[in-house]
Amino acid sequence: MKILKRVLLSLVILIIVVAAAVYFWLRSTAPDYSGTKYLQGLRAGASIVYDGFGVPHIYAKNVHDAYFSFGYAHAQDRLFQMEMIRLVVQGKLSEVLGKSLLQTDKYMRTLSINQMAKQSAVRFLKEADRPIREAVQAYLDGINSFIDNGKLPVEFILLDFKPEKFTVEDVFGTIGYMSLTFTSALKEDPLVYRIYQKYGNAYLKDLGVDSLSNARHYYQYKKGMILAGLFKDINSLQDLIPVPIWEGSNNWAISKEHSKSGKVLLGNDTHIKYSQPPVWYEAYIEYPGFEFYGYYLAGVPFAVVGHNNHYGWGITIFPFDNMDLYAEKQNPDNSHQYWQKDHWQNYRIVNQSIKVKGDSSVDFTLRYTNHGPVLNDVYRSIIDNSATPVSLWWAPLHLKSTALEALYYINNATGFDDFKKAMPLIDVVGLNVVYGDTDGNIALWACGKIPHHPSHDNTRIILDGASGKDDVLGFYPFEKNPQIENPSDGILNTSNNAPVRVDGILYPGYYSPGYRARRIRQLLTAKNKLSIQDMEKIQYDVHSNRDLRLTKLILNNIKTRSGDEKIVESLRNWDGNYDTASTGAVIYTQLLYFVLRDAMFDETGAEDFNKLVSSNLVRSSIERLFTNDSSVWWDNINTKAKESRADIFNRAFSETSVALKNQLGDDLSKWKWGKVHQLINVHLIGRKKPFDKYFNVGPFPMHGSNEVVDKEAFAYNENGVYPVTSGPALRFLIDFSDPEHALSVIPTGQSGNVLSPHYADQAKLFVSGKYRIQITKKDELKKGKVLLLFPKTE
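The rules behind each value
- Residues numbered from 1 in each chain as written.
- Predicted model: local features only at pLDDT ≥ 70, side-chain atom pairs only at ≥ 80, totals over all residues.
- Heavy atoms only, no water.
- Salt bridge = Lys/Arg side-chain N within 4 Å of Asp/Glu carboxyl O.
- Helix = DSSP H or I, 4+ residues; strand = E, 2+ residues; numbered from the N terminus.
- Buried < 20%, exposed > 50% of the residue type's maximum accessible area, 1.4 Å probe, protein only.
- Contact = heavy atoms within 4.5 Å.
- Pairing = 2+ DSSP bridges.
- Polar contact = N/O pair within 3.5 Å; in protein donor to acceptor, adjacent residues only side chain to side chain.
- Phe/Tyr/Trp six-rings, centres within 6.5 Å; stacked < 30°, edge-to-face > 60°.
- Axes fitted to C-alpha atoms, helices over the stretch in contact; angles between N-to-C directions.
- Expected span 1.5 Å × (residues − 1).

Undergrad: How should I be thinking about the pattern of salt bridges in this particular structure?
TA: Any two side chains of opposite charge can pair, so long as their charged atoms come close to each other. Taken as a whole and judged by the stated rule, the model has 27 salt bridges. One salt-bridge network, held together by shared partners, links Arg597, Asp598, Arg651, Glu655 and Glu718.

In C-alpha cells:
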C-alpha cells in the first residue's frame, strides 16, 4: 500500500512538474513589453513605451531606428498573421497546412498576385525615393531581427515551421491581396443567370437586374459564372486566414460649420470579416520632425488610416470593376500558341512545384497570354467549348504599383495640398479616402486605377481576345476619378455606395445598396452642430428605417391567429433598432427569412436559395420585392392555386411563430436579439477543438444587423441563430479641436499572441460601444511599460 502511495505521489509530482514546465515554456513565448534588448542593425537605439492597451509608442532619434523598432514591435505581436498573408499570396498554404489547401494554392498562383508583387518590388527598388526605400527596409530589418532574436509565437511550434526573412516583395504582396476586396460580389451572377434561364426576365425585375432577353446578356452572366467559379475557393479563404477580404466600410467628415467645437470632425469604421487577431494594428511613431498615430496592416510599414496633430483620414472600399475575361484563339496546330492581332504568339509558360506538407510535391504549370493568366487549367469547365482558352485581365497584374509610395507620402504630408498629391499613386486597390484637417478642409477622393475600355466594349461579357479590338486602352487619368473638395454643404460620407459620375463616365462595380450611406447622412444633418459624442452614436447606430416600413407593410397584410397576439403586438411596437435587448428584431429577422424562402425557394431550390438569401443582390432588393404585390415571386410554381403576397406573408408569419416558440419558448421576454446574434472572433488554430477554448475570443451578444450603420453581418437562416460574420475592424473618431485625444477601438486586442495580456483586452469595450483614447502625449504614458532597444556591437 505504501509503495502504491509513493507511486501515485510520484506521478502527481511528475504531472505538476511537467505542467509547470509547459506553462513556463508557453509564457516564455509571450511578447516582451519591457526590459532591454541589444539588436544588430540599430544605429542609436529607441524606446518603445506600451500604453495600457499594448499600443507601442516608438521614440527614436532617427527615421531608420523608428521603423526598425516598429518592425520589431509589430512582429512580436503579429508575426503569425504576417506569415499567413504571405503564404496565401505565394500559394504556399499546403506547404504548411497540408494537401487540403492544394487547390486553393493553385487558384492563388493563377491569380498571380505574387507576380504583381515581384514586378512592383523591382520598380520600387529602382525608382522610389531613397528615404522611402530606407524606411521600408528598416521596417523589414526590424521584423527579421525579431525572427532571428525573438521568441516565435506558439502557432509556429504547433504547425512545426519557422518563417523565412521578409522582403519588399512581401510588402507588395500584402497590398496586392487588398485588391481582392470586391470579388465576393461575383458569386451573385451565376445565380441570376440560372433564374433567368429557368424562369425568364420577369423574375429578375424585383431584384433590380436589367433585362437578359438577348444573347449578349447570356454571355454577360456567363462571365459572372466563370469568375464566381474561380473565386469559390478564394472566398472560402475567409474562413482560414487572419486578414479576410474586406466587405464594406463607413467614413465621413463634416466641416467646422457643423461642429460644436468649431473644428472638423472625422469618423471611420472599416468592415471586414471578424478574425483573431483583428486586421488592424495601432502604433504611434515619433522621431525628429515626425509624429504620427496610425492603423497598420500586418507587414506594411506605413499607416493605411491615421492622423497627426494637423490632419487625418479614413477609408472605405471603392469597389469598381477592374477584371475582364478574354476568349483567346488557340492555334490548332500548336498547343503552345494563341492568336494575337495578326500572328501566332507563344504562351508565356511558368513551371512551378508546390510543396505539400506530409506528401509529395506537385508540379503546376501556368500559361499567360498578353491579357493575363489562362484560367482553363484550374477551372476546366470555364466555358462550354473547352478548346477555347479564357484568360483573365486583372488591373493589378498590369501595374507596377506605387501604393507603397502613396502611403509614405500620405503619412508624411505637410498639409492638404501635399496629401492630395499622393492620391493618384493609389492604384491596385479602390479606396474612398475622406480627409479632414485643423485648417478646416474636408475632401473625398475616390482612388484607384480605373480601366479605360474602347467605347464599343461591354465589359460584362467575355471579350474577343484575338483581334485586339476589345483590349483595354489604359487607365483613366486621376482627374476623371470621383472627387469632392470642401463641398458647400460641409458634409462628406461614403459607405461603398455608387459614386457621382465625372464627365459622364460610368464606373461599373459592386456597390452597396446605399442604406448605410443615407442613414449616416440623415444623422449628420439631424442637428445644426455635432460633437464627437454624436459621432459615437452614429457609429453605433442600429436603426433601420427600411425594416420599420416593411414591418408595417407585413402587419397590414396578415390576419392574426389565435395565440399569436403577443408576437404581433411586439412586432407592432418594435422601434426598428437592433439592440441586444430587442424582441422585435428577433421576430422581424426570422419573419424576413421565411417570407424570402416562401417566395423564392420553389424557383431556386435549396442550394441557390441559401446563396441568394445572403447576397447583396437580394438584400438590396428586399424592399422592392416586398412592396410589389404583383410580383411573380409570390406565386408558388409547384401548386395549382395562384398565391398572393398576402398568402406568403401569412404563411411566413405562422412559420415564424412556430419556429421561435420551439427555439426560445413561449415567454417573449426571453426573445432577445443578443441571444441569437452573437460574435466569436475565431483564430486559425481555434478552428479545431480543444484549441477553440484558448485561441478564440467570445461569444458576445451583439447589437447591429445587415443593413444598418453598425453593420454586424450575418446570414439569414431557418434556425434563427445568427453568428456575426463581419463588422467594423476599427472604429476611429477625431475632433480636430483636440487631435491629441482621438478615439479608437478594435474588436479584440493589439496582439495576436495568445499569451499576451493584450490578446483580447479591448473585446468588452468593443461590444459595449465604448472607446479608448489614442494617446499621443508622452507625459500621459507615465505608467506604460518600456522596452529599450540598443545597438548591438560586436
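And the narrative resumes.
Undergrad: Looking at this structure, I do not really get the environment of leucine 523. What am I missing?
TA: Along the chain, the position of leucine 523 falls in helix α14 (residues 515-524). Taking the relative accessible area as the measure of exposure, leucine 523 reaches 19% and is therefore buried. In this structure leucine 523 touches Leu530, Ile538 and Asp541, once residues within four positions along its chain are discounted.

Undergrad: Is there a simple way to explain the sheet that holds strand β15 (residues 390-394) in this structure?
TA: In a beta sheet, neighbouring strands are held together by backbone hydrogen bonds and run either parallel or antiparallel to one another. The sheet built from 3 strands is open, its strands ordered β15-β10-β19 with mixed pairing. Edge positions in the open sheet fall to β15 and β19 (463-464), since each of these has one partner strand only. Sheet analysis places strand β10 (residues 323-327) next to β15, joined by 5 bridges and oriented antiparallel. Within β15, the residue paired with methionine 323 across the bridge is tryptophan 394.

Undergrad: When you look at the side chain of threonine 270 in this model, what are you seeing that I'm missing?
TA: With respect to the helices, strands and loops of the structure, threonine 270 is situated in strand β5 (residues 265-273). Among the polar contacts made by the side chain of threonine 270, one reaches the side chain of tryptophan 280 at a distance of 2.9 Å. With sequence-adjacent residues up to four places away left out, threonine 270 is seen in contact with Gly248, Ser249, Trp280, Ile315, Gly727, Pro728, Ala729 and Leu730.

Undergrad: Could you clarify how one ought to interpret the pairing of strand β7 (residues 290-296) in this entry?
TA: If a strand is regular, its side chains alternate between the two faces of the sheet. Among the 7 residues that make up β7, 6 are buried, leaving the element largely enclosed by the rest of the structure. Both strand β6 (residues 281-287) and β7 contribute to a ladder of 7 bridges, which runs antiparallel. Within β7, the position partnered with tyrosine 281 by the bridge is tyrosine 296. Counting the residues between successive antiparallel strands, the hairpin from β6 to β7 contains 2 residues, one of them, glycine 289, with a positive phi of roughly 90°. Here β7 pairs with strand β8 (residues 305-307) via 3 bridges, running antiparallel. Its bridge partner being in β8, tyrosine 293 is matched across the sheet by histidine 307.

Undergrad: What's the story with the packing of aromatic side chains in this structure? I'm lost.
TA: Any aromatic ring pair is given by two values, namely how distant the centres are and how the planes are angled relative to each other. The full count for this structure, using the stated rule, is 49 aromatic pairs. Ring geometry for tyrosine 311 versus tyrosine 435: centroids 6.1 Å apart, planes at 20°, classification stacked. Of this pair, tyrosine 311 sits in strand β9 (residues 311-317) while tyrosine 435 sits in strand β16 (residues 431-437), and the two are 124 residues apart along the sequence. This pair shows no difference in class: tyrosine 311 is buried, exactly as tyrosine 435 is. With 5.5 Å between their ring centres and 55° between their planes, tryptophan 313 and phenylalanine 419 make a pair best called tilted. Taken together, the residues tryptophan 313 in strand β9 and phenylalanine 419 in helix α13 (residues 416-422) connect sequence positions 106 residues apart. Classification of phenylalanine 419 as buried rests on a relative accessible area of 0%.

Undergrad: Please clarify how the sheet that holds β7 should be interpreted in this entry.
TA: Strand order in this open sheet of 11 strands is β1-β29-β2-β3-β6-β7-β8-β9-β16-β17-β21, and the pairing throughout is mixed. Of all strands in the sheet, those bounded by a partner on one side alone are β1 (35-39) and β21 (483-485). This sheet shows a mean twist of 20° between the axes of neighbouring strands, independent of strand direction. As defined by bridge partners, strand β3 (residues 56-60) adjoins β6 across 3 bridges and the pair is classed as parallel. Counted as the bridge partner of isoleucine 58 is isoleucine 285 from β6. Relative to β6, helix α2 (residues 63-90) is tilted by about 160°, and along the sheet it contacts β1, β2 (46-50), β3, β6, β7 and β29 (785-791).

Undergrad: Can you help me understand helix α6 (residues 130-149) in this one?
TA: Each α-helix turn comprises 3.6 residues. Residues three or four places apart therefore point the same way. Between the first and last C-alpha of α6 there are 28 Å, a value that for 20 residues agrees with the 28 Å anticipated at 1.5 Å per step. All of the buried residues in α6 are Ile132, Ala135, Val136, Ala138, Tyr139, Leu140, Gly142, Ile143, Asn144, Ser145, Phe146 and Ile147. Close packing links the buried residues of α6 with β1, α2, α5 (113-127), α8 (168-178) and α12 (403-411).

Undergrad: I keep staring at the environment of histidine 398 and nothing clicks. Help me out?
TA: By the element assignment, histidine 398 lies in the loop between β15 and α12. Residue histidine 398 is classed as partly exposed on the basis of its relative accessible area of 34%. Linking histidine 398 and glycine 474, residues 76 residues apart in sequence, is a C-alpha distance of 9.6 Å.

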